[in-house]
Amino acid sequence: MAFNNVGPLTFLAPGQTAFWSYSYPSDHGTQFASADVKAPNQGAVHMADQQSKRKENNGDATYFVQIHNQGIGGAFHNLQGGGMS
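Every chain is numbered independently, its residues counted from 1 as its sequence is written. In view of the model being predicted, local features appear only for residues whose pLDDT reaches at least 70, and side-chain atom pairs are presented and counted only at 80 or more, with totals across whole chains, interfaces and linings using the full set of residues. Where side-chain values are given, they derive from all heavy atoms of the structure, hydrogens and water being excluded.

1. Structural notes on the overall build of the protein
- Think of it this way: any DSSP run of H or I at least four residues long counts as a helix, any run of E at least two long counts as a strand, and we number them from the N terminus. Of the regular secondary structure elements, the protein holds 0 helices and 6 strands.
- Secondary structure elements in the protein, listed N-terminal to C-terminal, are β-β-β-β-β-β.
- Dimensions along the principal axes, computed over C-alpha positions, put the protein at roughly 40 × 20 × 20 Å.
- Exposure classes here rest on a 1.4 Å probe applied to the protein chains alone. A residue is buried below 20% of its type maximum, exposed above 50%, and partly exposed in between. Counting over 85 residues, the protein shows a buried share of 32%.
- Contacts: residue pairs with any heavy atoms within 4.5 Å of one another. Once local pairs closer than 6 in sequence are excluded, the contacts in the protein between residues at least 24 apart make up 74%.

Written as structure tokens, this is what we have:
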């Protein structure tokens, strides 16, 4: 299942990093997330890495991702992504 526009809008200036986590009440398998970059964009290039997952003892799954701005300007973003099929 894909998702867009999830989470609060977060501004990244050049060189900044945002740390995100999102959870499901069950294990949704492999999930990937990236930046859902918003306009206006002042030259930002948002890169997602450090994708990881934690399985909770109650069956929930928490996913983690870092978003880095490698561009020359800033922009707001939140998350988009989904699972593998």
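2. Brief notes about the pairing of strand β5 (residues 61-69)
- With 7 of its 9 residues buried, β5 lies for the most part within the structure.
- By the convention used here, strands pair only if DSSP detects at least 2 bridges between them. Here strand β2 (residues 17-24) pairs with β5 via 8 bridges, running antiparallel. Within β5, the position partnered with Y22 by the bridge is Y63.
- Between strand β4 (residues 46-55) and β5, which pair antiparallel and follow one another directly, the connecting turn spans 5 residues, one of which, G59, has a positive phi of 100 degrees.

3. Here we look at the packing of aromatic side chains
- Stacked, tilted and edge-to-face are the three classes assigned to paired rings of Phe, Tyr and Trp, where Trp is represented by its six-membered ring and a pair needs centres within 6.5 Å; plane angles under 30 degrees give stacked, over 60 edge-to-face, the rest tilted. Overall, the coordinates contain 5 aromatic pairs when judged by the stated rule.
- Plain terms: the ring middles of Y22 and Y24 are 6.2 Å apart, the flat faces sit at 85 degrees to each other, and that makes the pair edge-to-face. Exposure class is identical for Y22 and Y24. Each is buried.
- Their ring planes at 75 degrees and their centres at 5.8 Å tell us that Y24 and Y63 sit as a pair that is edge-to-face. Linking Y24 in strand β2 with Y63 in strand β5, this pair joins segments that are 39 residues apart in sequence.
- Judged by relative accessible area, which is 2%, Y63 ranks as buried.
- Among the aromatic residues, ring-to-ring pairing joins F3, Y22, Y24 and Y63 into one connected group.

4. Some remarks on the sheet that holds strand β1 (residues 3-12)
- Spatial ordering of the open sheet is given by β1-β6-β3, a layout of 3 strands whose pairing is antiparallel. Looking at strand neighbours, the two that pair on one side only are β1 and β3 (31-37), the edges of this open sheet. Across the sheet, the mean angle separating the axes of adjacent strands is 30 degrees when strand polarity is ignored.
- In this sheet, strand β6 (residues 75-83) lies alongside β3 in antiparallel orientation, the contact comprising 7 bridges. Directly across from S34, in β6, lies its bridge partner Q80. An axis is simply a line fitted to the C-alpha atoms; with a helix, the fit covers only the stretch in contact. Between two such axes, the angle follows the N-to-C directions and lies from 0 to 180 degrees.

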